[in-house]
Amino acid sequence: MDALGQLGDHTTVAPLCDLLNLAQAPASVVASALARLYDRYQATYQEGAFIADLARQHVTAGGEQALLAEIAQAGQGDLRSLALVLGWLEGPAVDRTLTGLLAQPSVRREVVEALVRHGKVATLHLIEQLARGDMETRQTTIIALGRIGDSLAVPVLIEQLSAAPDLIVVTAGALAKIGDRRAFHALLPLLGHGDTAVRQAIASSLNSLGHPDMPTYIERYLADPNPLLRESAVRIAGYFGYANCIEALFACCRDEDESVRRVAIEHLPYLDDPRVVAVLGAALMQETPRVRAAAARAFGQLDEIKSLTYLVPALADADPWVRYFSARSLGRHAYPEALPALQVLAQADPAPQVRLAALEALGRVGGVRAVAILAPLAEAEDADVARAAIQALGSIGHPDAMPPLLAALHAADPEHRVEAVQAIGGRGGLDAVGVLEWAAATDTDDRVVRSAIEALTRLATPEATASLISLLADVSRRELCISALAQLGAEQIAAVGRGLSHHHPGVRSAVVAALARMKHPRASEALARALEDADAGVRFAAVTALGHLGNLPAGRQVAYMARTDPDINVRRAALAALAY
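The shown structure was predicted, so the numbers you read here are calculated from the model rather than taken from an experiment. (Residues numbered from 1 in each chain as written. Predicted model: local features only at pLDDT ≥ 70, side-chain atom pairs only at ≥ 80, totals over all residues. Heavy atoms only, no water.)

> What's the story with the overall build of the protein chain in this structure? I'm lost.
Helices and strands together make up the secondary structure of the protein chain, namely 38 helices and zero strands. Referenced to the eigenvectors of the C-alpha coordinate spread, the extents of the protein chain come out at roughly 85 × 65 × 40 Å. The buried share among the 580 residues of the protein chain stands at 52%. Carbon and sulfur atoms form 53% of the exposed surface of the protein chain, whose accessible area is close to 25,300 Å². Side chains of the protein chain give 52 positive and 65 negative charges; the mean places of these two sets differ by 3 Å. (Helix = DSSP H or I, 4+ residues; strand = E, 2+ residues; numbered from the N terminus. Buried < 20%, exposed > 50% of the residue type's maximum accessible area, 1.4 Å probe, protein only. Areas by Shrake-Rupley, 256 points an atom, 1.4 Å probe, with all protein chains shown as cover. Lys, Arg positive; Asp, Glu negative; His and termini not counted. Charge placed at Lys NZ, Arg CZ, Asp CG, Glu CD.)

> Which parts of the structure should I look at to understand the packing of aromatic side chains?
Any aromatic ring pair is given by two values, namely how distant the centres are and how the planes are angled relative to each other. Taken as a whole and assessed by the stated rule, the structure comprises 11 aromatic pairs. With 6.4 Å between their ring centres and 40° between their planes, Tyr 41 and Phe 50 make a pair best called tilted. Accessibility expressed as a relative area gives 1% for Tyr 41, which makes it buried. Looking at Phe 50, the relative accessible area reads 26%, which means it is partly exposed. Residues Phe 184 and Tyr 217 carry aromatic rings whose centres are separated by 5.7 Å and whose planes lie at 75° to one another, so their mutual orientation is edge-to-face. Here the residue Phe 184 occupies a position in helix 13 (residues 184–187), and Tyr 217 occupies one in helix 15 (residues 214–221), the gap between them amounting to 33 residues. Clustering of aromatic rings is evident, with ring pairs tying together Tyr 239, Phe 240, Tyr 242 and Tyr 270. The ring of Tyr 217 has Arg 220 lying over it, and the distance from NZ or CZ to the ring centre is 4.8 Å. We note Arg 275 situated over the ring of Phe 250; from NZ or CZ to the ring centre the distance is 4.1 Å. (Phe/Tyr/Trp six-rings, centres within 6.5 Å; stacked < 30°, edge-to-face > 60°. Lys NZ or Arg CZ within 6 Å of the ring centre and 35° of its normal.)

> Before we go on, may I ask you to explain the side chain of Asp 349 in this structure?
Locating Asp 349 in the fold gives a position in the loop between helix 23 (339–348) and helix 24 (352–365). Residue classification places Asp 349 among the buried positions, given a relative accessible area of 8%. Among the polar contacts made by the side chain of Asp 349, one reaches the main-chain amide nitrogen of Ala 351 at a distance of 2.9 Å. Contact partners of Asp 349, with chain neighbours within four places excluded, come to Arg 323, Val 344, Val 354 and Arg 355. (Polar contact = N/O pair within 3.5 Å; in protein donor to acceptor, adjacent residues only side chain to side chain. Contact = heavy atoms within 4.5 Å.)

> Is there a simple way to explain unusual backbone geometry in this structure?
What you tend to see is this: most non-glycine residues have negative phi, and most peptide bonds are trans. Even without glycine at this site, Ala 460 takes up a positive phi of about 50°. Checked against the element boundaries, Ala 460 lands in the loop between helix 30 (446–459) and helix 31 (462–471).

> What's the story with a nonpolar patch on the surface in this structure? I'm lost.
A surface patch of nonpolar side chains, about 330 Å² in accessible area, is lined by Tyr 239, Phe 240 and Tyr 270. With respect to the secondary-structure elements, Phe 240 resides in helix 16 (residues 227–240). (Patch = residues over 30% accessible without salt bridge, like charges linked within 9 Å, V, L, I, M, F, W, Y side chains within 5 Å. Salt bridge = Lys/Arg side-chain N within 4 Å of Asp/Glu carboxyl O.)

> I would appreciate a short explanation of the nonpolar core in the present structure.
One broad rule of soluble globular proteins: the nonpolar side chains tend to lie buried together. Membership of the largest hydrophobic core comes to 206 residues, with the highest contact counts inside it found for Leu 191, Ile 218 and Leu 515. Tallying contributions element by element places helix 3 (residues 27–45) first for this core, with 10 residues. Ignoring any residue separated from it by four or fewer positions in sequence, one finds Leu 191 in contact with Arg 199, Ile 202, Ala 203, Leu 206, Ile 218, Tyr 221, Leu 228, Leu 229, Ser 232 and Ile 236. (Core = buried A, V, L, I, M, F, W, Y, C linked by side-chain atoms within 4.5 Å.)

> Can you walk me through the packing of helix 21 (residues 307–314) against helix 22 (residues 320–333) in this structure?
Each pair of packed helices gets described by two things: the angle between the helix axes and the distance between those axes. Helix 22 packs onto helix 21 with a crossing angle of 140° between their chain directions and a minimal axis gap of 8 Å. As judged from the angle between their axes, helix 21 and helix 22 are oblique. The handedness of the crossing between helix 21 and helix 22 comes out as left-handed. On helix 22, the residues touching Ser 307, Leu 308, Leu 311, Val 312 and Ala 314 of helix 21 are Val 322, Arg 323, Ser 326, Ser 329, Leu 330 and His 333. For the contact of helix 21 with helix 22, a count of residues per class yields six nonpolar, four polar and one charged. (Axes fitted to C-alpha atoms, helices over the stretch in contact; angles between N-to-C directions. Parallel < 35°, antiparallel > 145°, perpendicular 65-115°, else oblique. Left-handed = near helix turned anticlockwise from the far one by under 90°. Nonpolar A, V, L, I, M, F, W, Y, C, P; charged D, E, K, R; others polar.)

> What should I look at first to understand the environment of Thr 465 in this one?
Within the secondary structure, Thr 465 is located in helix 31. Taking C-alpha positions, Thr 465 is 48 Å from Val 277, a pair spaced 188 residues apart along the chain. Those residues in contact with Thr 465 that lie beyond four places of it in its chain are Leu 485, Leu 488, Gln 492, Ala 495 and Val 496.

> What exactly am I supposed to notice about the environment of Leu 578 here?
Summarising the element assignment, Leu 578 is placed in helix 38 (residues 568–578). For Leu 578 and Leu 546, which are 32 residues apart along the polypeptide, the C-alpha to C-alpha distance reads 9.6 Å.

> Please explain helix 9 (residues 123–130) as it appears in this structure.
Residue pairs three or four apart in sequence face the same way in an α-helix, which turns once every 3.6 residues. Of all eight residues in helix 9, six are buried; the element is thus mostly enclosed. For helix 9, every residue scored as buried is listed here: Thr 123, His 125, Leu 126, Ile 127, Gln 129 and Leu 130. Buried positions along helix 9 lie against helix 7 (92–100), helix 8 (108–118), helix 10 (135–148) and helix 11 (154–159).

> I would appreciate a short explanation of the pattern of salt bridges in the present structure.
As a working rule, side chains carrying opposite charge can pair if their charged atoms are close by. Applying the stated criterion to the full structure yields 27 salt bridges. Here Asp 53 ties to Arg 56 by a salt bridge, and the two come within 2.7 Å at their closest N and O atoms. Residue Asp 53 and its partner Arg 56 are both found in helix 4 (residues 48–58); the two are separated by three residues, about one turn of the helix. On the basis of relative accessibility, which here comes to 35%, the residue Asp 53 falls in the partly exposed class. One network of salt bridges, in which partners are shared, links Asp 39, Arg 80, Arg 109 and Glu 110.

Now the structure itself:
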């Protein structure tokens, strides 16, 4: 029976369910076969739900009871398939049993997905589980309640806000998803909680609720004696730019608490106020290292040419994090005037993170001068520096950037070759396509091959598509390329379809598989052309794919093939397709 799950198709679902419905049914064995069938359809066609729907139509009350009874005594090896199949069914007993399985880590994902699919009918069962589960089970239960989105759960979720920090974080997320404003006043005091993750989760939850009283409370909290509450209030007021809080935000830039000042400085770019540049400039020159670093980072978010005046001198700051954020901000603005100072940092700064930030900034500035600085660093002994230089070269469109990238494709370190492939893919262009195809075809490291195929997929041009089709000839690359082609958008269907004219029948069969996974009407039309292929294997793949899609644009031709095709396997596949 296990072979049915591995080799069968959707027509095996009904007989498997009929067996499950019998008295003394081998529920674990049947569930395992159905789960294998589901997993295979999901992996191949992204249509696992099709198998689940068929099973739901055929499982009777007897089959449901067989599953419930088997789960009560199942070992870990059978539990996943039993939980998966049970989750396709609906009803109070099903939901009650599934909720109890939340305590089993091996099946939590399947159980949560099933309960969320069942919706609000599962809410009460989840609330009951919340009262008796361990910490991890309670967290999972809360996540499920948030995804279901039933406001009935809000009171019991509010009770969880007095629990441990990890539980408060997931509860805040669930309340945000539900979006019920009854949680507003329960969430507010926790903006001053001692745990950073809790404060961030609470702020995010409050932001999602959009309560009309929020600006009033936040203005009050900006002057609260608790610095943690002031810090949270600054984050919210700065992000939303509440008009009633602007003066208080500038006052917080002079707060006695360093963390409050730092957060206030970070959020100044959100304000449309002429004082912002001067306040940031003063902070960058006069403040503590943490606040100076925040100011350097904030300058990167301003569209002000005046930023250059402050950021270039800050590249010589004594604190490495100030230099780091100054370099990154200069890169975002792509100021060519900063090239000499960035070159010094990239070549010799003692802090590794500063060198990497300077290399990234050089790539953003671009141009032939930046290439001249980066090219020798792409061969640096320091692996991190070399990889960062390769990445930076990939962001420069100048032709001079290509030779050092091609050289990096021959590096001994496969990580360098991966970086080179990604950089060349990022540059794009016709010359990139040929290079990426060569790397995918010849490199001996799986990571490089995968990266090259992914880069061709991201290019998504007719030329890149043709390269992916050519790579199908290599059996070791075939599955990766089928998956890549299937991800291409509808605009590339015609280019993928041209692969049906390839001289190699294995390539044509692989193109059929890719078109089938696209699940698009135009892809189905292309599949219909493959029914006339000279190779029986290609015809078999095409008629089978069309049958799985449940869409026969060439129904008459398939019926004719069922009677007349010279290959018996093709005739059988055509008959099966007509039965879908």
